[in-house]
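Per-entry structural report
In case you want the letters, here they are:
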Amino acid sequence: MKVLVLNCGSSSIKYQLIDMETNEVQAKGTVERIGESEGKLKHKTAKGEKVLHEVFATHSDGLKRAFELLCDNDPIKDLCEISAVGHRVVYGGEALTKTCLITPAVLKTIHDAEPLAPLHIPAHVLGIKVVQDLLPGVPQVAVFDTAFHQTMPEHAYLYALPYELYTEDHIRRYGFHGTSHQYVAKRLAELMGKPVESLNIITCHLGNGSSITAIEGGKSIDTSMGLTPLEGLCMGTRCGDLDPAVLTFLGKSKGWDLQKLDDICNKKSGLLGLSNISNDCRVLEDLVLAEGNADALRAMSVFNYRILKYIGSYATVLGHVDAIVFTAGIGENSPYVRKEVCSKLQLLGVEIDEIANDVHGKERRISTDASAVEVWVIPTNEELAIAQQTYALVKSL
């Protein structure tokens, strides 16, 4: 059985074709700059990589081209060899709390959530509809970023707002990156040789979008993102935690409307806003390490401090911590960030092995034997997790 995993973003598509008998990735690719004057499609198989520069006016154009490459006798000859399609869907809310088959009713519920994830939901819906046209009859499954966090207790997910805003409008903290947090927690348990139900874990998904989750016995009990992916850590272009009065102040003093304020918080803040250089941690990190650039250092210091604060608070929530996991683009590839954060966790008894910490994108324990808390780097594999959940659901049907 072959499962196609799709992650449709606002202007890009990521895909992987996975053989579920072996968990082997038979093909993977990205379609970038959809809707721009020139797009880019990278398609990789065991035979090599193809890079195409074409115009992809819509997601439909990009998907059709990707499907053509998939059927170019490598790794399949016909789309009918695809048994199911699993979609990463950023938001399920309280209506869609677990992986499910996409029906017209489910698709409508996803579409109705657009105001809460305006960059992601329209792309998800487009991707689902295109697959319906290109692969009629093939089951499609939605795997939700928010599903893993549905185990949060009420006191963790409620905002201190009038309660009717929750009961009537469902304003609450939902959390995101759930598939990633769940995957690395389970993988950590395997590496430690212990059942995940016996462990208290803090997982740090650090990338252009970042979040931290407290996991008790395999269940999420708190996470840093909230109603939307804006809350929590300092990110590439998102501000993270913010006094809401800042927005009312700016609205009055500068005359900025809601759209302008939303744009500032989501697209012009974070590492980009603090440094006025880049939203890319690699660029800023290089500037800090090479020349001590003050602007880059300012941004990275805020970024690292927010991570430290959340780890400390979640350690208190959990009572004791067995392990801390770093994952995603920055978490997996930045010894600098890991060292800066972990060097200030003496209260938890964390001790980093600097030689072991010099690792990029590979599974490794980076704490010393004397460390009271194990610290690991574990590359996330959301695509495999989505494929496995899709396969299990379709097989059960």
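1. Description of the nonpolar core
Grouped together as the largest cluster of nonpolar side chains are 40 residues, with contacts concentrated most on Ile202, Ile212, Met300, Ile307, Ile311, Ile324 and Val337. At the level of secondary structure, the elements contributing two or more residues to this core comprise strand 9 (200–205), strand 10 (211–216), helix 10 (281–291), helix 11 (294–318), strand 12 (323–327), helix 13 (335–342) and strand 14 (374–377). The element contributing the most residues to this core is helix 11, with eleven residues. Excluding its chain neighbours within four sequence positions, the residues that come into contact with Val337 are Leu206, Cys281, Glu285, Met300, Phe303, Asn304, Ile307 and Ile330. Counting 26 residues, the second-largest nonpolar core is a separate cluster that includes Leu6, Leu52, Val130 and Val131.

2. Description of the sheet that holds strand 13 (residues 364–365)
Hydrogen bonding along the main chain pairs the strands of a sheet, whether they run parallel or antiparallel. The strand order 11-10-9-12-14-13 describes an open sheet built from six strands, whose pairing is mixed. At either margin of the open sheet sits one strand with a lone partner, and together these are strand 11 (219–223) and strand 13. This element, helix 11, spans strand 9, strand 10, strand 11 and strand 12 of the sheet and lies at about 15 degrees to strand 10.

3. Here we look at the pairing of strand 14
The alternating pattern of strand 14 places Glu374 and Trp376 and Val375 and Val377 on opposite faces, both of which are buried. Pairing between strand 12 and strand 14: four bridges, direction parallel. Counterpart to Phe326 in the pairing with strand 14 is Val377. Relative to strand 14, strand 13 runs antiparallel, the two sharing two bridges. From the neighbouring strand, Arg365 faces strand 14, where its bridge partner is Trp376.

4. Notes on the side chain of Ser275
Its location among the elements puts Ser275 in helix 9 (residues 270–275). For Ser275, the side chain forms a polar contact with the main-chain oxygen of Leu271, separated by 2.7 Å. Polar contacts involving the side chain of Ser275 include one to the main-chain amide nitrogen of Ser278, which spans 3.3 Å. Contact partners of Ser275, with chain neighbours within four places excluded, come to Leu284, Asp295, Arg298 and Ala299.

5. Focus: the packing of aromatic side chains
For any pair of aromatic rings, the description consists of the separation of the ring centres together with the inter-plane angle of the planes. Tallied over the full model, the rule gives five aromatic pairs. Note on Tyr91 and Tyr174: the rings are 5.2 Å apart at their centroids and 75 degrees apart in plane angle, and the pair reads as edge-to-face. Placement of Tyr91 in the loop between strand 6 (82–89) and strand 7 (100–101) and of Tyr174 in the loop between helix 5 (164–167) and helix 6 (178–192) is noted, with a sequence separation of 83 residues between them. Across this residue pair, the class does not change: Tyr91 and Tyr174 are buried. Summarising the aromatic geometry, the rings of Tyr310 and Tyr314 are spaced 5.7 Å apart at their centres and angled 65 degrees between planes, so their arrangement reads as edge-to-face. Of this pair, Tyr310 and Tyr314 both sit in helix 11, four residues apart, which is roughly one turn of the helix.

6. So, the layout of surface pockets
Of the pockets and cavities examined, the second largest pocket occupies roughly 720 Å³. Around the second largest pocket, the lining is made up of 19 residues, and of these Thr228, Leu230, Leu242, Pro244 and Leu247 lie nearest the centre. Here the lining of the second largest pocket gets four residues from one element, more than from any other, and that element is helix 8 (residues 258–267). Across the lining of the second largest pocket, the residue classes tally to 13 nonpolar, three polar and three charged.

What counts as what
Residues numbered from 1 in each chain as written. Predicted model: local features only at pLDDT ≥ 70, side-chain atom pairs only at ≥ 80, totals over all residues. Heavy atoms only, no water. Core = buried A, V, L, I, M, F, W, Y, C linked by side-chain atoms within 4.5 Å. Buried < 20%, exposed > 50% of the residue type's maximum accessible area, 1.4 Å probe, protein only. Helix = DSSP H or I, 4+ residues; strand = E, 2+ residues; numbered from the N terminus. Contact = heavy atoms within 4.5 Å. Pairing = 2+ DSSP bridges. Axes fitted to C-alpha atoms, helices over the stretch in contact; angles between N-to-C directions. Polar contact = N/O pair within 3.5 Å; in protein donor to acceptor, adjacent residues only side chain to side chain. Phe/Tyr/Trp six-rings, centres within 6.5 Å; stacked < 30°, edge-to-face > 60°. 1 Å grid on protein atoms, 1.4 Å probe; cavity = no way out; pocket = protein on both sides within 12 Å on 5 of 7 lines; lining within 4 Å. Points joined across faces, edges and corners; volume = space filled by probe spheres on them. Nonpolar A, V, L, I, M, F, W, Y, C, P; charged D, E, K, R; others polar.

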